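Observations on the model geometry
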Amino acid sequence: METKATNSLQQLFHNEIYRLIASETLLKNTMPKWIDETQNLPLKNMLQNYYYQINVHIDRLKSLCDSHKENRNHCVIDRVMQAYIEETNEKLKRCSSNILDSSLLEAIQAISSYKFHAYNSVATWAIVLEFPKDAKFLNEAKISEKNIDERLFHLAIREINRKVRNPIAITI
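Residues numbered from 1 in each chain as written. Predicted model: local features only at pLDDT ≥ 70, side-chain atom pairs only at ≥ 80, totals over all residues. Heavy atoms only, no water.

An unreviewed UniProt entry annotates the chain as Ferritin-like domain-containing protein originating from Flavobacterium myungsuense.

Some points on the nonpolar core
By size, the foremost hydrophobic cluster in this structure holds 24 residues, and its most contacted members are Leu-27, Met-31, Trp-34, Tyr-50 and Ile-108. Counting 19 residues, the second-largest nonpolar core is a separate cluster that includes Phe-13, Ile-17, Phe-131 and Phe-137. (Core = buried A, V, L, I, M, F, W, Y, C linked by side-chain atoms within 4.5 Å. Buried < 20%, exposed > 50% of the residue type's maximum accessible area, 1.4 Å probe, protein only.)

Points about helix 5 (residues 132-165)
Taking 1.5 Å of rise per residue, the 34 residues of helix 5 would be expected to cover 50 Å, and the 47 Å separating its terminal C-alpha atoms lies within 8% of that figure. When the local axis directions of helix 5 are compared, the greatest deviation, roughly 55 degrees, occurs at Ala-156. (Helix = DSSP H or I, 4+ residues; strand = E, 2+ residues; numbered from the N terminus. Expected span 1.5 Å × (residues − 1). Bend = angle between axes of the 7 residues up to and from the residue.)

Observations concerning the pattern of salt bridges
Under the defined criterion, the tally for this structure stands at nine salt bridges. Here Arg-60 and Glu-140 are joined by a salt bridge, their closest N and O atoms 3.8 Å apart. Residue Arg-60 is found in helix 2 (residues 41-67), and its partner Glu-140 is found in helix 5; the two are separated by 80 residues along the sequence. Here Arg-60 falls in the partly exposed class, since its relative accessible area comes to 37%. The class for Glu-140 is partly exposed, based on a relative accessible area of 35%. Residues Glu-145 and Lys-115 are paired through a salt bridge, measuring 2.8 Å at the closest nitrogen-oxygen approach. In this pair, Glu-145 is assigned in helix 5 and Lys-115 in helix 4 (residues 97-128), connecting sequence segments 30 residues apart. Lys-115 carries the same exposure label as Glu-145, and that label is buried. (Salt bridge = Lys/Arg side-chain N within 4 Å of Asp/Glu carboxyl O.)

Examining the packing of aromatic side chains
Evaluation of the coordinates by the stated rule reveals three aromatic pairs. Ring geometry for Phe-13 and Phe-131: centres 5.5 Å apart, planes at 50 degrees, overall tilted. Here Phe-13, found in helix 1 (residues 9-37), pairs with Phe-131, found in the loop between helix 4 and helix 5; they are 118 residues apart in sequence, far enough to count as distant. By relative accessible area, Phe-13 is classed as buried at 0%. Take Phe-131: its relative accessible area is 16%, and that puts it in the buried class. (Phe/Tyr/Trp six-rings, centres within 6.5 Å; stacked < 30°, edge-to-face > 60°.)

Quick notes on helix 3 (residues 79-94)
Helix length check: helix 3 (16 residues) gives 23 Å between terminal C-alpha atoms against 22 Å at 1.5 Å per residue, within 8%. Residues of helix 3 that are buried include every one of Met-81, Ile-85, Thr-88, Asn-89 and Leu-92, and no others. In a view along the axis of helix 3, the buried residues occupy a sector of 100 degrees, so they form one face of it. Away from its buried face, by an angle of more than 90 degrees, helix 3 presents the exposed residues Arg-79, Lys-93 and Arg-94. At its buried positions, helix 3 is contacted by helix 1 and helix 4. (Arc of directions from axis to C-beta. Contact = heavy atoms within 4.5 Å.)

What about unusual backbone geometry?
Non-glycine residue Glu-130 carries a positive phi angle of around 60 degrees. With respect to the helices and strands, Glu-130 occurs in the loop between helix 4 and helix 5.

As structure tokens, then:
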């Protein structure tokens, strides 16, 4: 099956919006499992908030498509997000329970960084294409990804990785 060529920045913009919807949807479908596996309550709460944010992003991206009269019946797979999720699941299978939160936190940071750059690109295109409302939302989404990364960083430093580094030894 031959794929249709992308011939304009506007078409590229819309294609990437579909990819973002696919990416966020993959993550949305995976997050509940990761939230359940998390032992650290602050991390669990942060991931629950992130899950809510993902749902908001999906709704806003779909509205963006609707506002452009774009048909959302495209079958798009974000192979990069799929790889991040598969890699994270494999890592978590290999982790003992005491190190799982640290590994999951690192994986979510990598995913958030990927999404930050994706939102940054489409926000730039929205500015160039003179879609100010779209650019505003996409910049907000980019900033929210940066914020989750910062909060995870501080949680890793203050709590999660410190506990793993200095586990409490129980002697009998």
